[in-house]
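# Coordinate inspection notes
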Amino acid sequence: MERYREIIPEWEAFWEAILRPLPTVIRTNTLRIDPADLRRRLERKGFDLRSLPWDETCFEIRGEIPAGNALEHWLGYYYIQEATQLLPVKALAPKPGEHVLDLCAAPGGKTTQIAQYMEDYGLLVANDSSAKRIQALLANVYRLGIKCVVVTECPGEKFPGEGEFDRVLVDAPCSGEGVARRFPHLRKGAPLSAVLRLSALQKKLLARALELVKPGGIVVYSTCTLAPEENEGVVKYVLDRGLAELIPWEPPVPHAPGLIRFLGIEYGPEMQKTVRIYPHHFDSEGGFIAVLRRSL
Amino acid sequence: MFQEFGVEELPGRLVFRHKAFWLTTAPEIPEKVRVHAVGVRLARVQSHGLKPTSFGLMALGKLVRKRRVEVSREELKELLLGRALRRPGLPEGYVALSLEGEVLGCGEVRGELLRCQIPRGRRQELLVALAYEEKLVFRG
């Protein structure tokens, strides 16, 4: 992580956050239950819930038992989803009746969140390249009872079609440096070889997504890593080829703008339209979000 | 078969695929790509007929108004452990198991015996959830 010292504001606060336990956040499955009803049920069982100030369907939860072992979880009334992971779908802003593709969907947190935005009406294709990960995706889609979803298996960079979707989410496989609070082995940072290998795949995924979305359609690119090569570097790749334009998006939480340059590589001022989340911003994990519109 | 469960209108359309009926609101299914699921699998075709899935019954939830069998927590634990309950007077065949008004999944009545048909992994998870709930102090 040391290579990020120059780019992460409040370096000490960043590390203090990394070393603190991560709060547990749940997202109400509004297709099944009203957030107030869920809150009442869980509070009756001794859980303490605090609504997220920027999303009344989500709660920070504390209790004597793990949130994943409550009956309401088994019933599909909520999904445990880290706060930063809630943001890419907010940026995507899918609507009922639309055709939406979640290109790297497993284990399904964002897929099921998209379905809620769509009010379970429309076409939601949840794709993943791994049959093993798809089992987890299916378990969550079934548990939450999502009916508008079609679960597919295909390498994302080879997903067939052209211009068929209103919106595409590319929540790309990444080196995961942003989730170092949960996985201490990531605190030393990802090996550069892994970062560069993933960056090559991410460029293919994002370029493909921009072919799959309709001209003028929206693609959200997100990762849970801090590595600029996997974030700004990937976005710059598609901008340089004239495949898309960046759309400014203001998240409802404290954040930093994307990087203009890093270690001698120029990404350009345009990249300030992208969003970086660091763990100390609002006691969460780290991540990166870019909203792009396919060129006409 | 869902009329037998008192479901007057399905909240979506039925699609037949992979030897099963799926409940979906998706207007189309992508081609040229391997499809694992289309919405929620409602029922599997078996040699003796259709068998409703537990996730399918859960998805229908309150729409299930017939063949619904309410069990207590103690009875549910017995069922989840693989034991049969003697419940005379129930209709033969598949039923929806319900706890405190919530549809949990599929059960089966043969003779006077009620058995659980919820998949093994989900049964284990539910047993764990029930065990944790016993430790909790209810405030309500």
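In this text the structure is predicted, and so the values were computed from the model without any measurement. (Residues numbered from 1 in each chain as written. Chains lettered and ligands numbered in written order. Predicted model: local features only at pLDDT ≥ 70, side-chain atom pairs only at ≥ 80, totals over all residues.)

### Concerning the sheet that holds strand S8 (residues 93-99) of chain B
Residues and elements named next belong to chain B. The condition is simple: Pairs of strands are assigned from DSSP output, requiring at least two bridges between the strands. Runs of H or I in DSSP of at least four residues are treated as helices and runs of E of at least two as strands, each being numbered from the N terminus.
The strand order across the open sheet built from five strands is S6-S8-S9-S10-S7, with neighbouring strands paired in mixed fashion. Two strands close off the open sheet at either side, each with one partner strand: strand S6 (68-71) and strand S7 (85-86). Bridge analysis of strand S9 (residues 102-110) against strand S10 (residues 113-116) gives four bridges, and the strand direction is antiparallel. Among the inter-strand pairings, Glu108 is bridged to a residue of S10, identified as Arg115.

### Digging into the sheet that holds strand S4 (residues 78-80) of chain A
Residues and elements named next belong to chain A. For clarity, the threshold we go by: All axes here are fitted lines through C-alpha atoms, helices being fitted over the stretch that makes contact, and every angle between N-to-C directions spans 0 to 180 degrees.
One open sheet holds the four strands; their spatial order is S2-S3-S1-S4, and the pairing between them is antiparallel. Of all strands in the sheet, those bounded by a partner on one side alone are strand S2 (48-52) and S4. Strand after strand, the sheet turns through a mean of 35° between neighbouring axes, direction not considered. As paired elements, strand S1 (residues 24-28) and S4 share three bridges and run antiparallel to each other. By the bridge assignment, Arg27 is partnered in S4 with Tyr79.

### Focus on the interface of chain A and chain B
Using the following cut-off: A pair of residues counts as a contact when their C-beta atoms, built from backbone coordinates, are within 7 Å of each other. Nonpolar residues are Ala, Val, Leu, Ile, Met, Phe, Trp, Tyr, Cys and Pro. Charged residues are Asp, Glu, Lys and Arg, and all others, Gly as well, are polar.
In this assembly, 31 residues from chain A lie in contact with 35 residues from chain B. Secondary structure elements with two or more residues in the side of chain A that touches chain B: helix H2 (35-44), helix H3 (71-74), strand S6 (123-128), helix H6 (131-144) and strand S7 (149-153) of chain A. At five residues, S7 of chain A tops the list of elements feeding residues into the side of chain A that touches chain B. Across the side of chain A that touches chain B, the residue classes break down as 19 nonpolar, five polar and seven charged. As judged from the four bridges shared by S7 of chain A and strand S3 (residues 34-38) of chain B, these two strands associate in the antiparallel manner. By the bridge assignment, Thr152 of chain A is partnered in S3 of chain B with Val35 of chain B.

### Here's the deal with the environment of Leu14 of chain B
All names here are of chain B. What counts here: Counting other C-beta atoms within 10 Å of a residue's own tells you its class, since 20 or more makes it buried, 12 or fewer makes it exposed, and anything in between is partly exposed; those C-beta atoms are placed from the backbone.
As for its placement among the helices and strands, Leu14 is situated in strand S1 (residues 13-17). Under the C-beta neighbour-count criterion, Leu14 is labelled partly exposed, with 14 such atoms within 10 Å. Separated by 64 residues in the primary sequence, Leu14 and Glu78 place their C-alpha atoms 34 Å from one another. Each residue touching Leu14, except ones within four places of it in the same chain, is listed here: Phe21 and Leu23.

### Description of the domain arrangement of chain A
Residue and element names in this part refer to chain A. As a reminder, the rule being used: An automatic or database domain assignment supplies the start and end points of every domain.
By the assigned domains, chain A splits into domain 1 (2-21 + 82-294) and domain 2 (23-81). Its C-alpha centre places domain 1 at a distance of 24 Å from the equivalent point of domain 2. If you tally residues by element for the side of domain 1 that touches domain 2, the top one is helix H5 (residues 109-117), at five residues. The residue inventory of the side of domain 1 that touches domain 2, partitioned by class, reads six nonpolar, seven polar and four charged.

### Comments concerning helix H8 (residues 232-240) of chain A
Residue and element names in this part refer to chain A. In terms of burial, H8 is largely enclosed, as seven of its nine residues are buried. Restricting attention to buried positions, one finds in H8 the residues Glu232, Gly233, Val234, Val235, Lys236, Val238 and Leu239. In this fold, the buried residues of H8 make contact with helix H7 (192-212), strand S9 (213-223), strand S10 (244-247) and strand S15 (287-294). Following H8 by one or two positions, Gly242 has its phi on the positive side, about 70°.

### Examining the packing of helix H2 (residues 73-80) of chain B against helix H3 (residues 120-135) of chain B
All names here are of chain B. Here is the rule we go by: Here a crossing is taken to be left-handed if its near helix is turned anticlockwise relative to the far helix by less than a right angle, and right-handed if that turn runs clockwise.
H3 packs onto H2 with a crossing angle of 145° between their chain directions and a minimal axis gap of 10 Å. Remark: the crossing between H2 and H3 carries left-handed chirality. Residues Arg73, Leu76, Lys77 and Leu80 of H2 lie in contact with H3, whose contacting residues are Arg123, Leu126, Leu127 and Leu130. Taken together, the residues of the contact of H2 with H3 break down into five nonpolar, no polar and three charged.

### Quick look at unusual backbone geometry
The omega angle of the peptide bond from Ala106 of chain A to Pro107 of chain A is 5°, so this bond is cis rather than trans. Considering the arrangement of structural elements, one finds Pro107 of chain A in the loop between strand S5 (99-102) and H5. For Glu119 of chain A, which is not a glycine, the phi torsion comes out positive at approximately 55°. Not every positive phi belongs to a glycine, and Lys19 of chain B is a case in point at roughly 55°. Tracing the backbone shows Lys19 of chain B in the loop between S1 and strand S2 (20-24). Given 8 C-beta atoms within a 10 Å radius, Lys19 of chain B is considered exposed.

### Comments concerning the packing of H7 of chain A against H8 of chain A
Residues and elements named next belong to chain A. To keep things clear, this is the line we draw: Geometric relationships in this document are graded by angle, where less than 35 degrees denotes roughly parallel, more than 145 denotes roughly antiparallel, 65 to 115 denotes roughly perpendicular, and other angles denote oblique.
At a closest axis distance of 9 Å, the pairing of H7 and H8 adopts a crossing angle of 45°. The angle between H7 and H8 places the two elements in the oblique class. The crossing of H7 and H8 is right-handed. Packed against H7, whose contacting residues are Ser199, Gln202, Lys203, Leu206, Ala207 and Leu210, the element H8 presents Gly233, Val234, Tyr237 and Val238 at the interface.

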